[in-house]
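Working through the structure, step by step
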Amino acid sequence: MIKANNVFLVGPMGAGKTTIGRLLAKNLSLKFVDLDAEIEKRCGADIPWIFDVEGEAGFRKRECMLLEELTDLEGILLATGGGAVLDSRNREYLKARGCVVYLCASATQLMERTAHDRSRPLLQVDDPLSVLTRLIAERDPFYREVADLIVETERKKPQAVAEWVAREVRQHQA
């Protein structure tokens, strides 16, 4: 049974959580919230700065606190950060409080989508493709653990993915 009062998007960076999320929120008449953007707004600093000053652990602590708050709302579509599923508490909030959609794509596709994005601290290395490959391997079991729906976004138009997910969510609302 899919819980449809909230929809939460999970998946690796570059899978389309923000782009598809905006379209899907409109389609389902939900309020769109991007977890990373909300963290930046509340901190008054961007994610790379938070990583530089507080490290990944500091960022994850902020992420967990905000995810708990936001998943407790009603009528939202939340695009999570790629690593939000690492914390077991976050996985519990996601599973219990809404319909979780895992957006996935290959490391090569994710690399193409994120190649020029300097706002992703984990990819500011010499070999970002190997980082993406490792992150997918580490996180995929967590994404699958929380997912009510798993959607392959590889070479698909965001609008088509959003429409398909909206149909699936609506089908299970009854």
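Our subject is the structure that appears above.
One structure accompanies this document, and this report is about it. (Residues numbered from 1 in each chain as written. Predicted model: local features only at pLDDT ≥ 70, side-chain atom pairs only at ≥ 80, totals over all residues. Heavy atoms only, no water.)

With that out of the way, let us pick up the sheet that holds strand S3 (residues 76-79). The strand order across the open sheet built from five strands is S2-S3-S1-S4-S5, with neighbouring strands paired in parallel fashion. The open sheet has two edge strands, strand S2 (31-34) and strand S5 (149-152), and neither has a second partner. Neighbouring strand axes in the sheet, compared pairwise and without regard to direction, differ in orientation by 20° on average. Of the pairings in the sheet, the one linking strand S4 (residues 99-104) to S5 comprises four bridges and is parallel in character. Across the sheet, Tyr102 pairs through a bridge with Ile150, a residue of S5. Helix H2 (residues 35-43) rests against S2 and S3 of the sheet, and its axis sits at about 70° to S2. Most of the contacts of helix H3 (residues 47-71) go to S3, to which it runs at about 160°, and overall it touches strand S1 (7-10), S2 and S3. (Pairing = 2+ DSSP bridges. Helix = DSSP H or I, 4+ residues; strand = E, 2+ residues; numbered from the N terminus. Axes fitted to C-alpha atoms, helices over the stretch in contact; angles between N-to-C directions. Contact = heavy atoms within 4.5 Å.)

Our next topic: the pairing of S4. Most of S4 sits out of view: six of its six residues are buried. Across the two faces of S4 the burial is the same, with Cys99, Val101 and Leu103 and Val100, Tyr102 and Cys104 all buried. As judged from the four bridges shared by S1 and S4, these two strands associate in the parallel manner. Bridge pairing links Val10 to Tyr102 in S4. (Buried < 20%, exposed > 50% of the residue type's maximum accessible area, 1.4 Å probe, protein only.)

Turning to the nonpolar core, a few remarks are in order. The biggest cluster of nonpolar side chains holds 29 residues, and the ones touching the most others in it are Val7, Leu24, Leu77, Val101, Leu103 and Val165. The set of elements that each furnish at least two residues to this core consists of S1, helix H1 (17-28), S3, S4, helix H5 (107-114), helix H6 (128-146), S5 and helix H7 (158-173). The element that contributes the greatest number of residues to this core is H7, accounting for five residues. Apart from residues no more than four positions distant in its own chain, Leu103 is found in contact with Leu9, Val10, Gly11, Pro12, Ala15, Gly16, Lys17, Ile20, Val151, Thr153 and Val161. (Core = buried A, V, L, I, M, F, W, Y, C linked by side-chain atoms within 4.5 Å.)

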